[in-house]
Amino acid sequence: MEDAGVDGRQTGVIADGETVVDPPRDFCERAVANDEGVYDAFESEGPAAWERAAALLDWETEYDQVLDDGDPPFYEWFTGGELNAAANCVDRHLEDRRNQLAIRWFGKRGERRSYTYLDLHREVNAFAAGLRDLGVEEDDVVTLYLPMIPELPIAMLACARIGAPHNVVFAGLSAEALATRIDAADSSYLITCDGYYRREDAFNQKSKADNARLRADADLDAAVVVDRLGDALAVSLGSDEHAYGDLVDAHDGETVEPVARDATDLLFVMYTSGTTGRPKGVEHATGGYLSHVAWTTRNVLDVRPDDTYWCAADIGWITGHSYGVYGPLALGTTTVLYEGSPDYPDRERVWDLIERNAVTVFYTSPTAIRSFMKWGAEYPDAHDLSSIRLLGTVGESITPKAWRWYREHVGGGEAPVVDTWWQTETGAIALATLPGITPMKPGKVGPSLPGIDARVVDEDGEPVDPGEPGYLTIDSPWPGMLRGLREGDERYRREYWIEGEDGWRYRTGDGAAVDEDGYVTILGRVDDVINVRARRFNTAELEAAIVDTDGVTEAAVVGDGDGRIVAYVTTRSDVDPDDRLRDAIADGLADSIGDVARPDRIVFTPDLPKTRSGKIMRRLLEDIARGEEFGDVSALRNPEVVGEIESAVREDA
Ligand code: WTA
């Protein structure tokens, strides 16, 4: 095949022995996207095809250009247009469905709260007025450090309403990580809470936030503290700290005119792991991002206003931003928000929530699906999950086995499963099947969505043959793309873009292969980023934290392909690699990054495998962690160490 372009239109050829699952007929009849012509339409119309996405939104001022590509790789979408994201997610639904549920929240203690669109409108306005009162102005970056409580999406929307970009930091990240992100984003306002429940215990989030304020270089102008725990945890507020409840009460009933933002204005910044040790601040523009997110929520996840939709991802990461908040609310649907972990108070929890809410569309990660499989089919099987009509997955590759289990036990054997590939930087789904049109191949992400020009290429940017490994690139701009990096244009260009003969191509950092039909298999990251627990970590960042531990000389961190972090560590010769050291390493990671970064396994080894130029062979360590065969190691400077590492891994297992 000459053109290994991933265009998704050739769905007729079926490779030998591969399962291809057609979209279920009943589903297709009702699906939002069920006209195959959409692929050709995007192909022939070029960027203008994305007007379909912009048309899903209300614009204050019509845009005059769909794509401004005059200064690549700095692309601008829907230039000249003005809109407000909060008005699109809240106000415009008041006419038709003011009393429909917008957010249905379930707390860890079995609490429940529901917000209709009218409730949401009232509280977003009150809080927006409160923020103004504290001095927040258009373009001021507001940092949000909150768990999965309704105040998080409300605060995001209140910021969007007044044109203040938000900078959400995952609540489980450490004080140090928060301080870095406050400084890097140049943020003067913080919204946090007293604490939250971790299993049975009340956990003090405020003290982490206080700690971050001490560490940050910048002085904040003000902070807002949500009372999540009531009497369970008394926190004292400083003179520049305000109780969320007081602010909202004081401004209850006020309305704040949504600020008309340029389509290219910043909606939010989100920090993510990059190829250097420091996180990158990915910037998303208002118009392109919201259009792409709304279009994919509708066409890929098939969400409509009458759905009860549940995206299980934490809002502290991009999936929660795009598909837990902005996508579903832009479409005026009901979105479920769950504070707890899937197995608390027991393993019935997720299935119970689906059953009691009659959830129709469920979106989660392969990591979660693997846990569900491990716990056993008896849990989902004991519940009526017949409301489900579509399942989605994101974050990592899903094995055909997990794909089938998910469809069988959660989707009643009927629901389409869409495997969606995208990134913090792409803003929204880029590769996936269209569930009412494109056949599914378990274990492979779909082809490119219409309008996305993904390819698998070699070092020179030439398309590789089907089945051959290569680099996944996107060869033309798309609306949800990052508008830039907080760290500046130069870093943005360097991190992501390659100038080829026929234009600029976006480097995803993923290795991939494409089949004859344009379906992509993701082979993992090609840079120093690992993907575990549906999250991205930079290996250098984790390793730096480990090497900071007293007695450690060197470290290499890999993912084991099963959602676990494995750290290979060498110690000083006078240090005993014992459990105390293990704990110290794990605590060090929790301190500098957060509990999410605690390694699942620490393997002490006398040395790390290195190339002759001194580069650690992470691939090899990954193969060992996965228990996989590995190739010739004679090119190593220290091949003898491989056997020792293997036996250390075995002993430790
Ligand atoms: C990986 C999450 C395989 C990939 C939305 C990507 C996937 C990184 C898939 C982005 C998938 C995401 N199959 N791998 N369906 N989806 N990835 O920025 O390596 O947290 O580059 O965004 O997750 O992670 P991020």
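Residues numbered from 1 in each chain as written. Predicted model: local features only at pLDDT ≥ 70, side-chain atom pairs only at ≥ 80, totals over all residues. Heavy atoms only, no water.

(A) Representation of the pattern of salt bridges. This structure, assessed with the given rule, holds 48 salt bridges. As a salt-bridge pair, arginine 455 and aspartate 475 come within 3.7 Å of each other at their nearest N and O atoms. One end of the pair, arginine 455, is in strand S21 (residues 454-457); the other, aspartate 475, is in the loop between strand S22 (470-474) and strand S23 (484-485), and 20 residues separate them in sequence. Owing to a relative accessible area of 19%, aspartate 475 belongs among the buried residues under this scheme. (Salt bridge = Lys/Arg side-chain N within 4 Å of Asp/Glu carboxyl O. Helix = DSSP H or I, 4+ residues; strand = E, 2+ residues; numbered from the N terminus. Buried < 20%, exposed > 50% of the residue type's maximum accessible area, 1.4 Å probe, protein only.)

(B) Examining the nonpolar core more closely. In terms of nonpolar packing, the biggest core is built from 124 residues, with Leu120, Phe127, Leu301, Tyr323 and Tyr326 touching the most fellow members. Aside from chain neighbours lying at most four places away, what touches leucine 301 is Thr296, Tyr309, Tyr323, Val361, Tyr363, Leu390, Val418 and Ile429. With 36 residues, the next largest nonpolar core counts Val169, Ala175, Ala177 and Leu178 among its residues. (Core = buried A, V, L, I, M, F, W, Y, C linked by side-chain atoms within 4.5 Å. Contact = heavy atoms within 4.5 Å.)

(C) Layout of the site of the ligand. Residues in close proximity to the ligand total 18 residues, the closest being Asp419, Thr420, Thr424, Asp510 and Arg536. At 3.1 Å, a backbone N or O of glutamate 396 approaches a nitrogen atom of the ligand. About the coverage of the ligand: the protein hides 96% of its 540 Å² of free accessible area. Each residue belonging to the shell around the ligand can be placed in one class, and the counts come to six nonpolar, seven polar and five charged. (Near = heavy atom within 4 Å. Polar contact = N/O pair within 3.5 Å; in protein donor to acceptor, adjacent residues only side chain to side chain. Areas by Shrake-Rupley, 256 points an atom, 1.4 Å probe, with all protein chains shown as cover. Nonpolar A, V, L, I, M, F, W, Y, C, P; charged D, E, K, R; others polar.)

(D) How the structure looks around the domain arrangement of the protein chain. You can read the domains of the protein chain as domain 1 (118-256) and domain 2 (532-652). Between the C-alpha centres of domain 1 and domain 2 there is a distance of 37 Å. Taken together, the contact pairs seven residues of domain 1 with eight residues of domain 2. When the two sides are added together, the surface that domain 1 and domain 2 hide from each other amounts to roughly 500 Å², 46% of it contributed by carbon and sulfur. On the surface where domain 1 and domain 2 come into contact, there are one salt bridge. Note that arginine 198 and aspartate 595 form a salt bridge whose closest N and O atoms lie 3.0 Å from each other. At the boundary of domain 1 with domain 2, the tally comes to four residue pairs in polar contact (both at pLDDT 80 or more). Classifying every residue of the side of domain 1 that touches domain 2 by side-chain character gives three nonpolar, two polar and two charged. (Domains from an automatic or database assignment. Buried area = accessible area lost by both parts, 1.4 Å probe.)

(E) Up close: a negative patch on the surface. On the surface, Glu459, Asp460, Glu462, Glu501 and Asp502 cluster together into a negatively charged patch. In this fold, aspartate 460 is placed in the loop between S21 and S22. (Patch = residues over 30% accessible without salt bridge, like charges linked within 9 Å, V, L, I, M, F, W, Y side chains within 5 Å. Lys, Arg positive; Asp, Glu negative; His and termini not counted. Charge placed at Lys NZ, Arg CZ, Asp CG, Glu CD.)

(F) Highlighting the sheet that holds strand S18 (residues 361-364). Taking strand neighbours across the sheet as the criterion, the seven strands line up as S5-S4-S17-S16-S18-S19-S20 in an open arrangement whose pairing is mixed. In this open sheet, the two strands that pair with only one neighbour each are strand S5 (112-116) and strand S20 (417-420). Neighbour to neighbour, the strand axes of the sheet diverge by 20 degrees on average, direction disregarded. Its contacts with the sheet place helix H6 (residues 117-133) against strand S4 (101-106) and S5, and it is angled at close to 90 degrees to S5. Contacting S4, S5, strand S16 (308-311), strand S17 (334-338) and S18, helix H13 (residues 349-357) crosses the sheet at an angle of about 150 degrees to S4. (Pairing = 2+ DSSP bridges. Axes fitted to C-alpha atoms, helices over the stretch in contact; angles between N-to-C directions.)

(G) Highlighting the pairing of S16. Side chains Thr308 and Trp310 project from S16 onto one buried face, and the interleaved Tyr309 and Cys311 project onto a second face that is buried too. Both S16 and S17 contribute to a ladder of three bridges, which runs parallel. Along S17, the bridge assignment pairs threonine 308 with threonine 334. Taking the sense of rotation as the criterion, the β-α-β connection linking S16, helix H12 (residues 318-330) and S17 turns out right-handed. (Right-handed = clockwise from strand over helix to strand, strands pointing away.)

(H) Structural view of the packing of aromatic side chains. Inspection of the entire model under this criterion finds 26 aromatic pairs. Measuring from ring centre to ring centre gives 5.3 Å for tryptophan 59 and tyrosine 63, while their planes differ by 70 degrees; the resulting arrangement is edge-to-face. On the accessibility criterion, tryptophan 59 (14% relative accessible area) is buried. Exposure remark for tyrosine 63: the relative accessible area of 12% places this residue in the buried category. Between tryptophan 310 and tyrosine 338 the ring centres are 6.2 Å apart and the planes differ by 90 degrees, which places this aromatic pair in the edge-to-face class. Linking tryptophan 310 in strand S16 with tyrosine 338 in strand S17, this pair joins segments that are 28 residues apart in sequence. (Phe/Tyr/Trp six-rings, centres within 6.5 Å; stacked < 30°, edge-to-face > 60°.)

(I) Inspection of the sheet that holds strand S31 (residues 601-604) at higher detail. The sheet built from three strands is open, its strands ordered S29-S30-S31 with mixed pairing. Of all the strands in the sheet, the pair left with one neighbour each is strand S29 (552-559) and S31. Each adjacent strand pair in this sheet contributes to an overall mean axis angle of 25 degrees, direction not counted. In this sheet, strand S30 (residues 565-571) lies alongside S29 in antiparallel orientation, the contact comprising seven bridges. Of the residues in S30, the one forming a bridge with alanine 556 is tyrosine 568. Packed onto the sheet, helix H19 (residues 579-592) meets S29, S30 and S31 and runs at close to 130 degrees relative to S31. Packing of helix H20 (residues 618-625) onto the sheet brings it into contact with S29 and S30, and relative to S29 it is tilted by some 65 degrees.

(J) Region of interest: the environment of histidine 242. Within the fold, histidine 242 resides in strand S12 (residues 241-243). For histidine 242, a relative accessible area of 26% puts it in the partly exposed group. Once the C-alpha coordinates of histidine 242 and leucine 134 are considered, the two residues, 108 residues apart in sequence, prove to be 9.1 Å apart. Excluding its chain neighbours within four sequence positions, the residues that come into contact with histidine 242 are Leu134, Ala222, Ala223, Val224, Val225, Leu237 and Leu247.

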